Amino acid sequence: MKLKNIILSGLFVSVLISCEGVTDISPKDSLTDASYWSKVEDLKLYANNLYTNLSAPGVDKDNVSDNCITTNYSSYLFNETTIPSTASEAGWTWGNIRNCNFFLTRYQKVQAAPSEVNPYVAEVRFFRALDYFGKIKQFGDVPWYDKDLQTADTDELYKPRDTRDFVLGKIIEDLEFAIQWLPDADKAEKGRLNKDAARTQLARVCLHEGTYKKYHALTGTPSANELIKKAADNALAVMQTGKYEIVKGSDAGSGQLPFEGYPLYYSNQFVQEDLTTNKECILPRIYKEGLLYHQTGRQAGSSGTGLSKDFIESFLCKDGNPIAVSPLYQGDNTLDKEITNRDPRLYQVVDNLHKPYLVMNGVRQTNPYANVDGSGAVTGYPCVKFKSPLQSQWEANKTTYDWFVYRYAEVLLIYAEAKAELNECTQQVLDQTINLLRDRVGMPHLTTSPVADPQAVDYGYTITPLLYEIRRERRIELITEGFRLDDIKRWKAGKLFENPKTFLGIVVTNEVIANYPAGVFGGASGRPVIEYQGKSYLRPYPGKSLSDAGRKWTATDKRYLSPLPTDEITLNSNLKQNPGW
Amino acid sequence: MNKKSIVTLPALKRAIKVMKITVLLLCVCLSQAIASSYAQTTSLSVSAKNETLESILKKIEKQSDFLFFYNLEEVNNRVKISLSKKDCSIKEIMDALSASTGITYTIKDRHIVLASPLNETAGTQQNTRKLKGKITDTRGESIIGANVILKGTNTGTITDFDGNFTLDVPQGATLLVSYIGYLSQEVGTANKDMIEIKLREDTQKLEEVVVVGYGTQRKANLTGAVAQVSGDVLESRPIANLSQGLQGVVPNLNVSVNSGAPGQSSSFNIRGTTSLNGGGPLVLVNNVQMDPDLINPEDIASISVLKDAASAAIYGARAAYGVILITTKNGTKEQKPQISLSTNGYWQSPAKTIETINSMEYLNMIDLAYQNGGGSGHYYNPVIYEYAEKYFNDPANNSPVYYDPSIDPNKYQYVGNTNWWDEIYKNSSFSQQYNLAVNGGSENSTYYASLGYNNIGGILKHGDDKYQRFNANLNLSSDITKWLNFSGKVMYNYTKEQHPAGGTSAANSTAYAGVSAYSGYLKNDLSPLMPVRHPDGNYAGQGSYTNPAAIQAQGGNTYGKKNDLWLTGALRVTPFDGLTLNADYTFNSYGQGIKTHVRRFYDYTAVAGTEGYYPWTNPNSVVMSDDEDYYTSFNAFAEYAKTIREDHSFKIMGGYNQEYKHYKFFYSGRKGLIDNDNPALNLAVGDRLMNANESHWSVNGFFMRLNYDYKHKYLLEVNGRYDGSSKFPKNDRYAFFPSLSAAWRISEEGFWEPLKSGWNDLKIRASYGSLGNQAVGSNFPYLPTYSINTAMGYILNGETPVSVGSSGLVSPSFTWETVNQVDLGFDALFLNSRLAASFDWYTRETKDMLTAGQALPATLGANVPTENAADLKTYGFEVSIGWTDQLSNGFKYWAKGVLSDYQSEITRFTNPTGSIGQYYVGRKIGEIWGYRSNGLFQSDEEVASSPKQTKLWGGSWGAGDVKYVDLNNNGEIEWGTNTLDNPGDKTIIGNSTPRYSFGITAGFEYKGFDFEMFWQGIGKRDYMVGGVHFWGFTSQWDTPLKESLDYWTPQNTGAYFPRPNWNNGGNRQTTDRYLQDASYARLKNVTLGYTFPKVWMNQIGISKLRIYVSGENLFTITDMIDSFDPETLSNMTYPINKKLAVGLNLTF
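Attention in this report is confined to the structure presented alongside it. The structure presented is a predicted model; accordingly, all values stated were derived computationally and were not measured. (Residues numbered from 1 in each chain as written. Chains lettered and ligands numbered in written order. Predicted model: local features only at pLDDT ≥ 70, side-chain atom pairs only at ≥ 80, totals over all residues. Heavy atoms only, no water.)

### Here's the deal with the overall build of chain B
Line of reasoning, step 1. Secondary structure assignment for chain B yields 13 helices and 55 strands.
Line of reasoning, step 2. Relative to its length of 1148 residues, chain B is compact, with a C-alpha radius of gyration of 35 Å against a globular reference of 32 Å.
Line of reasoning, step 3. Overall, the C-alpha framework of chain B stretches about 115 × 65 × 65 Å when taken along its three principal axes.
Line of reasoning, step 4. Looking at chain B as a whole, 57% of its 1148 residues qualify as buried.
Line of reasoning, step 5. Long-range pairs, those at least 24 residues apart, make up 69% of the contacts in chain B between residues at least 6 apart in sequence.
Line of reasoning, step 6. For chain B, the exposed surface amounts to about 44,900 Å²; the carbon and sulfur share of it is 54%. (Helix = DSSP H or I, 4+ residues; strand = E, 2+ residues; numbered from the N terminus. Rg over C-alpha atoms; globule rule 2.2 N^0.38 Å. Buried < 20%, exposed > 50% of the residue type's maximum accessible area, 1.4 Å probe, protein only. Contact = heavy atoms within 4.5 Å. Areas by Shrake-Rupley, 256 points an atom, 1.4 Å probe, with all protein chains shown as cover.)

Next comes the structure, spelled out in structure tokens:
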């Protein structure tokens, strides 16, 4: 039985051999704390991941404001917001802060010169500041964290909110660090953060917080004036680099074929394939055929959202005077009349007969009348600011235009406004700023003593005609770039929403009716209209009265801050709800 | 104890041998020549000193293949015989024995029947007469060696080779006829000289051998909760894979069918909620982990389901939630080649048809929804309504599109009336299966070889989706020497499938077109206004709409292939009687290659030259991916069985198991195909992309089992496994898991005797076991790993760069989950074993479940890490009851029902605030929190006088909206703090756990006809379906289904649904009003077959020919809303199909 013995001992040995270390294996394709943070490249790869937090293309950024009216009404603007229960519904999300702090508590392991390491630290601190700025705008006081929390960090997890001022101080520190260490714009990799982007962001933060403090009469350090001054200083620093200018958008770059006498120097800027060499662009978000696309080409002008009557009326006439004053104003019996002799930016942002809707094989097409559908543009003023004349750009997720993350025009507007708030707005300041924007579109220059608009919108308080005009310029120049609601909040200008024209569309006259197919307006199935101040207006929300209580904002309206999620308040008893909610 | 059986029960092994050989005799009909030759050619040596006859016969049996049939009471066993014969024939030996004891004998091949002349005189005092009889099975074949005794006496005889017997019977005597594997029968003898008795096979098979972990066990000796079904349940069914065939067959083996797409797999569960982080049963095919969907159902011999911890414990850390043991078919020794062919073809179509609303209903409803949400007038341009109505009323003379350049210079306006369900799915598609098997064996070896082919056609109308599976299987086993057996298995599975790609691939990951291989094609936003094609024949869509028909037809396909090769070699060594050593090694190589072709196509418009490419599939691309997995398994185990002093039987088994699996995956792709129709990676010019991953896991463990059996009455089993898994941190990698089970066969006790004729068998069982669970998420869950994006969606420096993200949080105290299970049960047989019943009650505690821990404030910034944070208790029961009977006219009929139930609840979870959004102690799994509703508001006044509902939706509520009940009477409908203390007006309104799963099988066989039907269902289940296809409109992009038309209007005040309004999410709260009763009963299968009479078939060389028709999913009873299938609970998936099949089974 020799064979038997051999087989038996073979079995026995194989059992013994095979037990050894069978389960002692480690991951094959993963990075862990132990294997990361060894070289500068690691820092860069980590920082890459945060870039998607920068402003992304979209046409809906002013949807909740007095500029735009949406198909479905905004429950916020009609004061019907319900208090969200979960953190994600409320926007009380902290993943991004953790991602930044995760880096900031680990990057020190990389042994390299500060000049190599700090530019990436600067990027990450920039992103932390960006996120925290969003949080203080939304919630006011928020807890400040400078490390990635662990489950055992109960003191930090359950702490009460830090004051807005404290967090603001940290944001400024982060951004100043970023300004110190980020590369100059011409030395940065294409698409990466640079000094001027950080300066612009700091100027934006300081103007926002400074004016918020001023108009909401808040005290504390830093003071409103200090902040506004910092905003002006940082805006000026960008201006003084000499790298930027207001650019007349090229027809060639956008594929546009404008009509004679109706140049599109403003709107062309927003349909450019390459902004990396565009002097108005401080930081682009880059898109490229075959690699990465976005959707604005498809959405612009056909998402249901329309511009408000109030916004259309805010455009000056070509002589630099408001419509209530200017003899050039043709009235609003038709859209075509309404845009005649107005600030040329008006015909560049509203779909009309003077801007080609489609250019194909050198042939221009326009829409005979502006869309007034629930599925097109509910006010009859479709916003075509980001609309390309090229059909290839309209397809789903096929837009390749670069996007302005920071645009020089904003820097100029920040500087002008800050200077005006500081009572330092001289003609020289205006010529350095607002008038450069006006030059692009051929509007007369603003002076330090403009005509007071007799039909000025009501901010709830009075301001100087100069400041009024600077704010008007800001509203028009930055339309649908996402600034308006923030502006209204920092100016404490909720009163603006009381104006019914902020939720009315075109005036529906017989001429207008004749221009559209039969049955579009009035009657049982047509678009409803309503009489207001002697005219018939297109009425997007027939269920809402023109004097709806929700449109009235009190001096201490809860809506200046957002509600905290109830679940989080339940979890952390140190967390208190914002006033009024 | 008074032994009733007159044949001494030989060792179990012998009984099985008898049965096998008898069956063999019956089936194969060995020729007389061969049969007699064994007795003539075999020479034997026997030596005995003062031994009993029985002991000498045993000796002969041991060294030869001879089997003796005799009545121990009859043969004179008291005589001590001394004998010494060398190299003699059996005849010589038998003659010698006959001389010493006076017995007579007959030899027929290997069978020797002994009889005693004493028999003739037994009981002659009474008035007896000679009764002749013949015992056959239901097919008329003689039964050799059956016991025939006079009831109430020890007198009897056994049948001879022709099944005949002769017995002196007193007046009025009753005969008790029994034979192993058959049901015992009592037969009256009154006034008969000749009697014919047909024995029915014992389908309950108490003697059945059940496959258990690393071995087999007699069913009678099982102590755990193990259910076994034979491969027969899978035969002749038009099923795509094994799991579909097992649905409803074994109580508490729950099978979920996810969708009806060709090649789609199902999932298994045993005994309900396992762990909060999931976990299913371990599925082993011939003791290795194999994808059950890849194997050929026709190759399966049996399926054992080990349900309780005690039975599963031998498999350690992977078996916490039960084990499914699948055994494939083997050959039989000494059987000439048997060739069997089975085939069927079937037609399938969706089991449930769903209808979208037509264009007029759609336009009317969308306007209402728009207006109710604060909008006004028509939602669309008024011209649309006019044209749509024309087309609706007279489609023959109107167009589903019209062109108006003033609305859009290039595009058609859509005014059609399309029923998308009809357009996407065919009325029927054809599928077929073929299976060819050969098996047999010689004296020392056996073989089984099979080929299977399964071809399933999909039901997509415009695309070409299909699935094919090829199986080849070879099992060989050979006794190399008397003590060494070698066996080898080779199994090769190959599948091929094709599905429309839907534009989604790694090259095109942002392309959500909503259609993919397995997902639903009935998208939420398919407007009835869009026709399938423009009048010029081009597919509609125009870039603004997704036309699934166009994508199916032109968007390219995904081609998948799987190669799955299994090689197993096993040795079995029997060094001496009672001890067996086993070792087996299995190697598996699994590869999956997928090629995804995203094909670009024109999306035509109204004006030639303005068409563009359909954006989601442009640019075109090809992505090729490859999975390459290797798995090895090694088992070595030894078993020793010993019986001491007849009554004490021990069996001890111990061994070692290790498994290692290595995964590798990569893909590469490229955009910009030179030839749009040729997806070749080397023929593309655009961006390249690639990614890969690689991982592995391993387990090893030592296991042991001890069985003790006292007089077949008291049974005890102890299991233990010391197990290790690579999924845990090094210092916590190994753990010991014990289990214990015991059973008492009460019916073997003396006191049961009076009951035994009616209640044949009763066994009660109890078990307890503790198991670890290693099925816990990723392969290295204890290590925090960074997220890596190889091409982030952001361009830096001209490219989409690699980015690295933070790792999630990992709990520092990460360790095993432990699963403890108690099981109590009984098995019983009644009425001559015609009625069988089994019952088990169990409770399973899952301790230290790895789940998200206590909710922490969102400021943590990450998901709460998985930790051993919760305990769960699951309890339930399962019952199976079966009846099988055969009437004397040969009519055989049966019915079997299985019923199971479970519920689970949380017994530990840290949730100090009592948030109802989370687990809390006492929470039943599946619990549905919601509001109560008392109808719809009938007027605005009613709204004004009712509690305020503005917290649910801030807009203005009106007539036709859902009215909620103010349970806490605070004048307002709200959710309080969403906690148990203050849930506001929310309360528990139901539970989505499927309760009372049942399966009912009933059938008959008569004169060659066989019929069986099989129902499966769920007895109780609440389900809140929600979603677009329930509510109708949740946004302006939706298309409602017909069922959604029952909405409130001032004219339809008794409506089910509220007035349409996509803004008012308040109407769509979870509420008892819209909670669905998702219980159902579905006729899963019905089969009618006919087997041609043997006499005809034998003449043409066929041993069996059966033809049948069969239907699957033909009929469903449910209270669920019509638009949903109660099984998938979704109508956005590929529909489950009903099938109609014809097939045949042929054996040579």
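### Structural notes on the side chain of Glu298 of chain B
Line of reasoning, step 1. When you line up the elements, Glu298 of chain B lands in the loop between strand E19 (288-289) and strand E20 (300-306).
Line of reasoning, step 2. Buried and unpaired, Glu298 of chain B has no salt bridge, with Lys329 of chain B as the nearest side chain of opposite charge at 5.2 Å. (Lys, Arg positive; Asp, Glu negative; His and termini not counted. Salt bridge = Lys/Arg side-chain N within 4 Å of Asp/Glu carboxyl O.)

### A short note on the interface of chain B and chain A
Line of reasoning, step 1. With 107 residues of chain B at the interface, the matching set in chain A holds 102 residues.
Line of reasoning, step 2. Three residues, Tyr786, Tyr794 and Thr859 of chain B, lead the burial of chain B against chain A; their summed loss comes to 9% of the area buried on that side.
Line of reasoning, step 3. At the junction of chain B and chain A, the tally comes to two salt bridges.
Line of reasoning, step 4. Applying the counting rule to chain B against chain A returns 24 residue pairs in polar contact (both at pLDDT 80 or more).
Line of reasoning, step 5. Take the side of chain B that touches chain A: its biggest share by element is eight residues, from strand E35 (residues 688-710) of chain B.
Line of reasoning, step 6. Residue composition of the side of chain B that touches chain A, grouped by class: 52 nonpolar, 48 polar and seven charged. (Buried area = accessible area lost by both parts, 1.4 Å probe. Polar contact = N/O pair within 3.5 Å; in protein donor to acceptor, adjacent residues only side chain to side chain. Nonpolar A, V, L, I, M, F, W, Y, C, P; charged D, E, K, R; others polar.)

### Brief notes about the environment of Leu436 of chain B
Residues and elements named next belong to chain B.
Line of reasoning, step 1. Within the secondary structure layout, Leu436 lies in strand E25 (residues 429-441).
Line of reasoning, step 2. Assessed through its relative accessible area of 35%, Leu436 is described here as partly exposed.
Line of reasoning, step 3. On a C-alpha basis, the gap between Leu436 and Ser342 in space is 6.6 Å, while along the polypeptide they are 94 residues apart.
Line of reasoning, step 4. The contacts of Leu436, once residues within four sequence positions are left out, are Ile339, Ser340, Leu341, Ala449, Ser450 and Leu451.

### Comments concerning the pairing of strand E5 (residues 111-115) of chain B
Within a regular strand, the side chains alternate between the two sheet faces.
Residue and element names in this part refer to chain B.
Line of reasoning, step 1. For E5, the tally of buried residues reaches four of five residues, placing the bulk of the element in the interior.
Line of reasoning, step 2. Direction of pairing for strand E2 (residues 67-69) relative to E5: parallel, over a ladder of three bridges. Paired with Leu67 across the strands is His111, a residue of E5.
Line of reasoning, step 3. In terms of strand pairing, strand E4 (residues 104-108) meets E5 through five bridges, oriented antiparallel. Looking at the pairing, Thr104 lines up with Ala115 of E5. (Pairing = 2+ DSSP bridges.)

### Some points on the sheet that holds strand E6 (residues 128-137) of chain B
Residue and element names in this part refer to chain B.
Line of reasoning, step 1. The strand order across the open sheet built from three strands is E9-E6-E12, with neighbouring strands paired in mixed fashion. Of all the strands in the sheet, the pair left with one neighbour each is strand E9 (164-170) and strand E12 (194-199). Shown here is a sheet whose adjacent strand axes are inclined to one another by a mean of 35 degrees, direction ignored. (Axes fitted to C-alpha atoms, helices over the stretch in contact; angles between N-to-C directions.)

### Let's talk about empty space enclosed by the protein
The method is simple in principle: a probe with the dimensions of a water molecule rolls over the atoms, and the space it marks as empty is what remains.
Residues and elements named next belong to chain B.
Line of reasoning, step 1. Per the stated rule, a full pass over the model turns up 13 cavities of 30 Å³ or more.
Line of reasoning, step 2. When its volume is computed, the largest cavity comes out at roughly 250 Å³.
Line of reasoning, step 3. Looking at the largest cavity, it is lined by 24 residues, and the ones nearest its centre are Ala240, Gln244, Gly260, Asn1137 and Lys1139.
Line of reasoning, step 4. Only strand E22 (335-350), strand E26 (445-457), strand E54 (1104-1118) and strand E55 (1137-1147) provide two or more residues apiece to the lining of the largest cavity. (1 Å grid on protein atoms, 1.4 Å probe; cavity = no way out; pocket = protein on both sides within 12 Å on 5 of 7 lines; lining within 4 Å. Points joined across faces, edges and corners; volume = space filled by probe spheres on them.)

### Some words on the side chain of Asn344 of chain B
Line of reasoning, step 1. Following the sequence through the fold, Asn344 of chain B ends up in strand E22.
Line of reasoning, step 2. Separated by 3.0 Å, the side chains of Asn344 of chain B and Tyr1108 of chain B make a polar contact.

### Focus on the nonpolar core
Line of reasoning, step 1. Counting residues in hydrophobic clusters, the biggest one holds 120 residues, and the most contacted among them are Leu54, Trp92, Phe103 and Phe126 of chain A.
Line of reasoning, step 2. Ranked by residue count, the leading element in this core is helix H5 (residues 114-139) of chain A, at 13 residues.
Line of reasoning, step 3. Residue contacts for Phe103 of chain A: discarding those within four places in its chain leaves Trp37, Leu43, Tyr46, Tyr120, Val121 and Val124 of chain A.
Line of reasoning, step 4. Grouped together as the second largest cluster of nonpolar side chains are 85 residues, Ile530 and Leu546 of chain A together with Val943 and Tyr1074 of chain B included. (Core = buried A, V, L, I, M, F, W, Y, C linked by side-chain atoms within 4.5 Å.)

By themselves, these figures tell us nothing about what the structure is for.
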